[in-house]
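Structural overview
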Amino acid sequence: MLDLFPTGFEEVESAGGVELVAYTDAAGEELLWKMFGGVRGDDVAEDWEDRWKAFHRPVRVGRLWVGPPWEQPDEGAVAVVIDPGRAFGTGAHPTTRLCLELLEDVPRGALLDVGCGSGVLAIAAAKIGFAPVVGVDVDETAIEATLSNAAANGVQVEARLVEASAGALPPADVAVANISLAEVERLHLDVDHVITSGYLASDRPRLSHYRHVDRREVDGWAADRHARER
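Residues numbered from 1 in each chain as written. Predicted model: local features only at pLDDT ≥ 70, side-chain atom pairs only at ≥ 80, totals over all residues. Heavy atoms only, no water.

**Describing the sheet that holds strand 4 (residues 64-67)**
The three strands lie next to each other as 3-4-5, forming an open sheet whose pairing is mixed. Each edge of the sheet is formed by a strand with only one pairing partner; in this case those strands are strand 3 (59-61) and strand 5 (78-81). With strand direction ignored, the average angle separating the axes of adjacent strands in the sheet is 20°. In terms of strand pairing, strand 4 meets strand 5 through four bridges, oriented parallel. Within strand 5, the residue paired with L64 across the bridge is V78. Sheet strands touched by helix 2 (residues 94-103): strand 3 and strand 4. Its angle to strand 3, the strand with the most contacts, is close to 25°. Packing against the sheet, helix 3 (residues 120-127) makes contact with strand 4 and strand 5, and its axis sits at approximately 155° to strand 5. (Pairing = 2+ DSSP bridges. Helix = DSSP H or I, 4+ residues; strand = E, 2+ residues; numbered from the N terminus. Axes fitted to C-alpha atoms, helices over the stretch in contact; angles between N-to-C directions. Contact = heavy atoms within 4.5 Å.)

Structure follows, in structure tokens:
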């Protein structure tokens, strides 16, 4: 199979073992017959190129509507239109929704989005009055996606390639970090308010020099708001 399809093939568990599945044309099917002596072929649905879009559905969080560009925003909502790009979602994950809920309760000011991904939180923050907004991530693809989505939404967001746990992050009034629990607890922040998520409801993050203010939970996930100790 690797000789015939060096770019890859699919392994599918079945009652009789494992099926090896290749996506090919008639010529490729003939090669499979010659190599293995017997294959089963099924036609691929005509809409296969667009079927991935079904996994990206819009969500409504308070006055915010967050969804992909092929969906229509709710009338009267603050629309955050996010193209998922090559590696990111459009904001439907519970941790993203919880962060958006908590953002509404934080005083407006400069905002830092740690692990910005496709830019959902940074762009939503800019839409509801936070400024300036800076997103940081360890992935160059995330920086590109954030800047592209910010431009499509008509908001000003700066995005930088930064290793969040390597040292001090840019100062701000508010930080939102939808990352892993371990990464949350390693952050070095200079902000008054921190919103954290990316972990299960059973987890309780500990941030030095911050007190816990609020928690939201949904579907086994959690997000927390912290305030700097005075």
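Here the narrative resumes, following the displayed structure.
**Section: the pattern of salt bridges**
Going through the model one piece at a time under the given rule, you end up with 17 salt bridges. D219 serves as the salt-bridge partner of R97, at 4.0 Å between the closest nitrogen and oxygen. With R97 in helix 2 and D219 in the loop between strand 11 (210-218) and strand 12 (221-228), the pair connects residues that are 122 residues apart, well separated along the chain. Residue classification places R97 among the partly exposed positions, given a relative accessible area of 21%. Overlapping salt bridges, with partners in common, bring together E101, D105, D214 and R216 in one network. (Salt bridge = Lys/Arg side-chain N within 4 Å of Asp/Glu carboxyl O. Buried < 20%, exposed > 50% of the residue type's maximum accessible area, 1.4 Å probe, protein only.)

**Topic: the sheet that holds strand 9 (residues 174-178)**
Pairing in this open sheet of seven strands is mixed, and the strands run 8-7-6-9-10-12-11 from one edge to the other. Edge positions in the open sheet fall to strand 8 (158-161) and strand 11, since each of these has one partner strand only. Neighbour to neighbour, the strand axes of the sheet diverge by 20° on average, direction disregarded. In this structure, strand 6 (residues 111-114) lies alongside strand 7 (residues 133-137), joined through four bridges in parallel fashion. Of the residues in strand 7, the one forming a bridge with L111 is V133. Helix 2 rests against strand 6, strand 9, strand 10 (193-200), strand 11 and strand 12 of the sheet, and its axis sits at about 35° to strand 12. Across the sheet, helix 4 (residues 140-153) lies against strand 7 and strand 8, angled at about 175° from strand 8, the strand it touches most.

**Quick notes on the nonpolar core**
Grouped together as the largest cluster of nonpolar side chains are 30 residues, with contacts concentrated most on L100, L103, L111, F130 and V157. Put simply, the parts of the chain that give this core at least two residues each are strand 3, strand 4, helix 2, helix 3 and strand 9. Element by element, the count of residues in this core is highest for helix 3, at seven residues. If near-sequence neighbours (up to four positions away) are discounted, L100 is found in contact with V61, L64, V66, L121 and A124. (Core = buried A, V, L, I, M, F, W, Y, C linked by side-chain atoms within 4.5 Å.)

**Some remarks on the environment of A151**
Along the chain, the position of A151 falls in helix 4. Using a relative accessible area of 58% as the deciding quantity, one classes A151 as exposed. Residues A151 and I179 lie 28 residues apart in sequence; the distance between their C-alpha atoms is 24 Å.

**Some remarks on the side chain of H193**
Relative to the helices and strands, H193 resides in strand 10. Looking at H193, the relative accessible area reads 18%, which means it is buried. Apart from residues no more than four positions distant in its own chain, H193 is found in contact with V106, P107, D173, V174, A175, R225, H226 and A227.

**Regarding unusual backbone geometry**
A cis amide bond links A131 with the next residue in sequence, P132, at an omega value of -15°. The backbone of D219 sits at a positive phi, close to 55°, despite the residue not being glycine. Relative accessible area serves as the criterion here: at 62%, D219 is assigned to the exposed category.

**Some words on helix 4**
A rise of 1.5 Å per residue sets the reference length of helix 4, with its 14 residues, at 20 Å; its end C-alpha atoms lie 20 Å apart and thus fit the reference within 8%. Within the sequence span of helix 4, burial applies to A142, I143, A145, T146, N149, A150 and N153. Axial view of helix 4: buried residues confined to an arc of 165°, hence all on one face. What points out from helix 4, more than 90 degrees from its buried face, is the exposed set A151 and A152. (Expected span 1.5 Å × (residues − 1). Arc of directions from axis to C-beta.)

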